[in-house]
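So the chains spell out like this:
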Amino acid sequence: MMQWPNIKWIYIREMTDQFRDRRTLLAVFLMPLMMYPLIGMAFMMVSQFVKEHRSEVLVIGLENLPPEPVLIMGNLFSEAHAGETLSKLIGIQIDDASVFSGAKIDEGLIQQVIHDELYDLVIVFPEGFATQFLNLAERLRQSGEDREFLEITELPCPIVYSDSTRERSSLTRGRVTRILESWQTVLVERLFESARLPQFLKDPVQIESKDVAIQEQKRVEFLSSVVPYMMLIMALVGAFHPAVDVCAGEKERGTLETLLSSPASRNEIVVAKLMTVMSFSMTSSVINLLGLGMTAAFIGSQGNGLGGEVMQFGLPPMMALVATLPILIPMAAFFSAVSLAVATFARSTKEGQYYMVPMMMASLPLMVVGMMPGTELDLGTSLIPVTGMMLVLEAILKSEYHLAFRYIIPVLLVTFSCIVLSVRWAVAQFRNEAVLFRESERWNLVLLLKHGVKNRKVLHGSAAAVFAAVFIMTFRLAAGNFGIHPDTPEALALLNIASQILTIALPCVVLAWLTARDLRGALRLGEFRTGWVVSASALALVFHPVAVYISRVIEWLYPVHSGVKTMVEQAFGTLGDADFFYVFLMIAVTPAICEELAFRGYILTGLQRDFSRGGAVFLSSFFFGVTHGILQQSISAFFVGLVIGTIAVQARSLWPCMAYHLVHNGVTVLYAFVIEDSTRLPEVLQSIVTVDIAVGEVRYSPGAILFGLVIVLLFYGGIYWRSDQDR
Amino acid sequence: MIEVRQLRKEYPDLRKGSVVAIEDLSFRADPGQIFGLLGLNGAGKTTVLRILSTILAPTAGTARIGGYDVVESPESVRRQIGFVSNNLVGYERMSGKEMVAFFGRLHAMDEATLKSRMELIFDWLQIDDFKNVLGSKMSTGMKQKVSIARAIIHDPPVLIFDEATVGLDVLAARSLLKVIRELRDEGKCVIFSTHHMREAEYLCDHIAILNKGRIITEGSLESLRMESGQEDLEELFFQTVSSLDGISDGNSQVTVEGAG
């Protein structure tokens, strides 16, 4: 039973404490209110600078310009082309010192004057430009209807030199290009006149584009996608700092013991601290929003002066902004609980701050997915934590309430499950003596590694396992095929096999050798028991329909992006022509050995040291999934990983896992490369499975799927029953 | 009042798997008695006291305070005890008055009782002059006094002091010891850990010497002196410990495993 007065007193104390901390006040209240207006001001100053900055241009070969139309008058561009404002912003120096004169232009010298910042830009009008232009016009005029005699000679072209790496130079280039284009249009008009052609022939087919967006929506479009992002980021940042202070800070100050020996229970302490962190998370989010809103409103009001549609800022309607607040609560709760659990682990506030970056790294992708232009709120995206919430926020801000309403339930369900999990994690952290009273040790990586290798235990622990998983994930994705594009499909297969061995199996074997005395035990290479191997193979066959069905559901929920499809097609498309032996080796045999050595061998064994069986299997499957790179594959790999992981833990051996993996992948290869079409299947099987590789499809009958499901449930039921008996 | 039976505590250890901090520990302490836990750094004193104050759970064995088991009813145990740790830093952004009131409220004291009790204690410990000073501005002596005030605000029958004199100057240490004796005279059961033999000699009615997680000898000061024939407690301690460890003279390094 929770004592609410205890929670109340701790909450009040924590809040008072936080409010007396100047750093917190600065970070949560003052910073956002100051920062955004400052950014806004800076932005406006920059645009003001761009508007008023003068450009210096050197013109070479002014004498080669035709007298008409006039481009340069005195030391300014003609107002007819440049307009009054722009004309005055560009100073022109005519090259009369004859440094550059002569038939040949010295480009090195031109480069020099731009690099030395004497000029922002140099225009060269080539020799004979005017004569040839006038000549062409004259010939066009005389040619009459009979243009066959007309020999078209290309005009020498004017050259514009600028330096794109220099801000001022590229700014000038933009300005000069606009002026020259206007001048060029007049020149072309003159030629059309001479040839007595109608002017519209210059650009006979025109494309007109019209934007049917409602003005109001167009204005809020930008902020509607930025605001949810800002809200969530700030909810996370706002949660993290107080979380570190109320947990790690309490440890650092030595007040934790006193609190733990007071009548408040651990649960009450966690709840009160969670409430404190949540309060700050939400406040920070709202205040940031306020700062951003004020700045946006201010810039928006100045928008017309800054010119162009780029600056179309507008605040979403007030009503929508208010509607986002109730959604902020579960989100703040989620971030707060995660931050609290992470912060509890830290020994000191300093250590706590280090965990901020990994947390950001973990949650940013989920937020960025929501920001990507192609992502829309549907059942699939609403089931992704954080992303779904962000898309709902976006929908509300765009006043698309019907859309938000439709998916709010799955989004809230997912968020609440995340909250429950993370709160439980935080409470567990708070009950864990090892976490609460972690002794401070000095860190020295080299010493630690040396010490670790020298004093390695019989089996490695979860830290080594997680390291291996991260190593594989990083190198697997980074290395790919080492950037080599082999010509033959066989070479491609061999290359892929080599890559699997080098980036998956080898690191784990080396790590096992470095971190465990019992090398075979670390890789789970136990006794080969035929019974288990045969049963695992059979289970793989029976479970295959379920696995295929799961992938189908996943692809229905999260359709594979066409770009990804093309990428895979490009990378492995040629395999279709490869010899079956190579394909089988690459897709079935090698993964069965390499991935099993890594995920059910080294990683799962390490995880089992510090986690329960279920937890270890879950985590190893998660890593196994992530290594697959493509989201849809990752999710189905995760489910298959759960089954193989369970087998590994039960059999205490890797051989059945390899057998399972070999059969699972082997069947897929068989369908794709040998059978290709149901008609080639024996008749008994035809009622169970439909194969049509031409459209990339394998489909099992509902009976087969159900049977597989029942067998797997029985398998898990049996394990549960057995472990119950053991107890 | 305090009853400890065959207590054992293991800590998980990254290198060795686990480390035994205390083993087969049994003792009892009664009201009106100061029970001294004597031992070198790392002997397991803090572990025992943390288990008694329900901060840590024992691996095996039982500990009961006022009839309540520390594992089965930790909440009831916490109402019986006041815990003063060797870490005196306290809440930096709160005044002494606020800190004491906070813990009083956690003990479900009503505001009137809390107020009168605070007046009494502040007067007794001479805290009134600095009761509104923030924790970060307090001297070590001030913090010590606030710590004690915080621990006794709910008038608990059992008081636990974990190396409470560490870091105090002679004067502050003296006044603390005086306070502890006064608490004993009020009938409290006090358990006091230290590695200062003189303090133990001055203060404790009953002494247990702890070495490597085990009680190696126990009894009243007189009975310990009689047993060993040593007048000086420091000599007595050194003799007992070195006879077990084979230490030859005072310069030898004593390595002790386990957490403090």
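Described below are features of the structure shown in this document. Predicted, not measured: the structure shown is a model, and the values here were computed from it.

1. What to know about the overall build of chain A
Each helix and strand counted, chain A has 29 helices and eight strands in total. Relative to its 727 residues, chain A shows a buried fraction of 34%.

2. Details of the overall build of chain B
When helices and strands are counted, chain B shows nine helices and ten strands. Across the 260 residues that make up chain B, the buried fraction comes to 42%.

3. Quick look at the sheet that holds strand E9 (residues 206-211) of chain B
All names here are of chain B. The strand order E6-E7-E8-E3-E9-E10 describes an open sheet built from six strands, whose pairing is mixed. In this open sheet, the two strands that pair with only one neighbour each are strand E6 (81-84) and strand E10 (214-220). When the angles between neighbouring strand axes are averaged without regard to direction, this sheet yields 15°. Taken together, the six bridges between strand E3 (residues 33-39) and strand E8 (residues 189-194) define a ladder with parallel strand orientation. Residue pairing for E8: Ile34 is matched across the bridge by Val190.

4. Quick word on the environment of Ser139 of chain B
Residues and elements named next belong to chain B. One can find Ser139 in the loop between helix H4 (111-125) and helix H5 (140-152). We classify Ser139 as exposed; it has 12 C-beta atoms within 10 Å. On a C-alpha basis, the gap between Ser139 and Leu168 in space is 9.9 Å, while along the polypeptide they are 29 residues apart.

5. Remarks on the interface of chain A and chain B
With 22 residues of chain A at the contact, the number on the chain B side is 26 residues. Those elements giving two or more residues to the side of chain A that touches chain B turn out to be helix H1 (4-19), helix H9 (256-260) and helix H17 (433-436) of chain A. The leading source of residues in the side of chain A that touches chain B is H1 of chain A, at five residues. Looking at the side of chain A that touches chain B residue by residue, the classes come out as six nonpolar, eight polar and eight charged.

6. Digging into the sheet that holds strand E5 (residues 121-124) of chain A
Pairing between the strands of a sheet is mediated by backbone hydrogen bonds and can be parallel or antiparallel. Residues and elements named next belong to chain A. Spatial ordering of the open sheet is given by E4-E1-E5-E6, a layout of four strands whose pairing is mixed. Looking at the sheet topology across the chains shown, the edges are occupied by strand E4 (90-94) and strand E6 (159-162). For this sheet the average axis-to-axis angle between neighbouring strands, irrespective of direction, equals 20°.

7. Things to note about the nonpolar core
Nonpolar side chains in soluble globular proteins tend to end up buried together. The biggest cluster of nonpolar side chains holds 143 residues, and the ones touching the most others in it are Ala235, Ala337 and Val392 of chain A together with Leu52, Ile160, Val190 and Ile191 of chain B. The element contributing the most residues to this core is helix H8 (residues 215-253) of chain A, with 16 residues. With residues up to four places along the chain from it excluded, the contact list for Ala337 of chain A reads Leu274, Ile419, Ser422, Val423 and Ala426 of chain A. One finds Ile472, Ala540, Phe599 and Cys657 of chain A within the second-largest nonpolar core, a separate group that totals 66 residues.

8. Here we look at H5 of chain B
Residue and element names in this part refer to chain B. Look at H5: 19 Å from first C-alpha to last across 13 residues, which is about the 18 Å you get at 1.5 Å a residue. Counting buried residues along H5, eleven of its 13 residues qualify, which places the element largely inside the surrounding structure. Regarding H5, the residues found buried are Met142, Lys143, Gln144, Lys145, Val146, Ser147, Ile148, Ala149, Arg150, Ala151 and Ile152. Where H5 is buried, its residues touch E6, helix H3 (96-106), H4, strand E7 (158-162) and helix H6 (170-185).

Reading guide: rules and limits
Residues numbered from 1 in each chain as written. Chains lettered and ligands numbered in written order. Predicted model: local features only at pLDDT ≥ 70, side-chain atom pairs only at ≥ 80, totals over all residues. Helix = DSSP H or I, 4+ residues; strand = E, 2+ residues; numbered from the N terminus. Buried ≥ 20, exposed ≤ 12 C-beta atoms within 10 Å, placed from the backbone. Pairing = 2+ DSSP bridges. Axes fitted to C-alpha atoms, helices over the stretch in contact; angles between N-to-C directions. Contact = placed C-beta atoms within 7 Å. Nonpolar A, V, L, I, M, F, W, Y, C, P; charged D, E, K, R; others polar. Core = buried A, V, L, I, M, F, W, Y, C linked by C-beta atoms within 7 Å. Expected span 1.5 Å × (residues − 1).

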